[in-house]
Amino acid sequence: MENALIRLKSTQKANTQNPWLIIAGALHDCRRLHDKDDRGHGARAARWIAEHADLIWAHFGLTPTPSAVSQAAISVRLHDVPYEDFTATDEADYARARHISDLVKAADALDRYRLPKLRWWPNARHVRANGFVQLRACAFDLVVWSEASHLRGLDSASAVLAALERRELMG
């Protein structure tokens, strides 16, 4: 979903921040305790990312810079905080990482189709990224198709790749 959002965002800024966005998108829930009301998991993940930046960036073939680590950590920290609940510190951090924060929030919301309750599904009122409404159908298809492939016997990674190919996002 992160890559699909990036494609819709055609600014130069999006193109220069793709590696940070991919890292933030891959790790935003890495410290989640459960899929329910785990407020603060973004802050825990942001601290973990900052503490392990050298290892993480090397995994992606990149060299961490203070700016890249900061932007990724800010976006991960803020992804589980509703915009209307931002403190003055959150607002200041958001101003430094607005673009990536909006995209991580949108991608995280689009991932919610995998959750069992309709009230947990993506709600455009909580997202500011362009293209979010258009991507909801794509996200829904990817979840349904990958789950169906998994039920037919594909391992998780193969099921996701098959769904991405079917939607012509890869391949």
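Residues numbered from 1 in each chain as written. Predicted model: local features only at pLDDT ≥ 70, side-chain atom pairs only at ≥ 80, totals over all residues. Heavy atoms only, no water.

A. The arrangement of the packing of helix α6 (residues 88-96) against helix α7 (residues 98-110) in detail. Relative to each other, α6 and α7 sit at 100°, their axes nearing to 5 Å. The angle between α6 and α7 falls in the class roughly perpendicular. Residue-level inspection shows Y94, A95 and R96 of α6 in contact with α7, the latter providing R98, S101 and D102. A class-by-class count of the residues in the contact of α6 with α7 yields two nonpolar, one polar and three charged. (Axes fitted to C-alpha atoms, helices over the stretch in contact; angles between N-to-C directions. Helix = DSSP H or I, 4+ residues; strand = E, 2+ residues; numbered from the N terminus. Parallel < 35°, antiparallel > 145°, perpendicular 65-115°, else oblique. Contact = heavy atoms within 4.5 Å. Nonpolar A, V, L, I, M, F, W, Y, C, P; charged D, E, K, R; others polar.)

B. The confidence of the model for the chain, seen in detail. Summing up the model confidence of the chain, the mean pLDDT is 83 and the portion of residues at 70 or higher is 88%. Taken element by element, the predicted model of the chain shows its lowest mean pLDDT in helix α1 (residues 2-8) (45) and its highest in α6 (97). Segment residues 1-17 is flagged for pLDDT under 50; beyond a separation of four residues in sequence, or across chains, it makes 29 contacts in the model. (pLDDT = per-residue confidence, 0-100.)

C. Fine view of the pattern of salt bridges. Counting across every chain of the model gives seven salt bridges. Taking the shortest distance from any N to any O, the salt bridge between D29 and R32 comes out at 3.8 Å. Between D90 and R77 there is a salt bridge; the shortest N-O distance is 2.6 Å. Residue D90 is located in helix α6, and its partner R77 is located in helix α5 (residues 66-78); the two are separated by 13 residues in the primary sequence. It is possible to trace a salt-bridge network through shared partners that takes in R77, D90, D93 and R96. (Salt bridge = Lys/Arg side-chain N within 4 Å of Asp/Glu carboxyl O.)

D. A look at helix α9 (residues 156-166). Of the residues making up α9, those classed as buried are A159, A163 and L164. Each buried residue of α9 lies within a common arc of 135° when the element is viewed along its axis, so the set occupies one face. Summarising the contacts, the buried residues of α9 are in contact with α8 (132-151). Looking at where α9 begins, the residue whose side-chain oxygen comes 3.1 Å from the main-chain nitrogen of A157 is D155. E168 sits one or two positions beyond α9 and adopts a positive phi of about 60°. (Buried < 20%, exposed > 50% of the residue type's maximum accessible area, 1.4 Å probe, protein only. Arc of directions from axis to C-beta. Polar contact = N/O pair within 3.5 Å; in protein donor to acceptor, adjacent residues only side chain to side chain.)

E. Region of the structure containing the side chain of S149. Positionally, S149 belongs in helix α8. A relative accessible area of 6% means that S149 is categorised as buried. Side chain to side chain, S149 and R152 meet in a polar contact 3.1 Å long.

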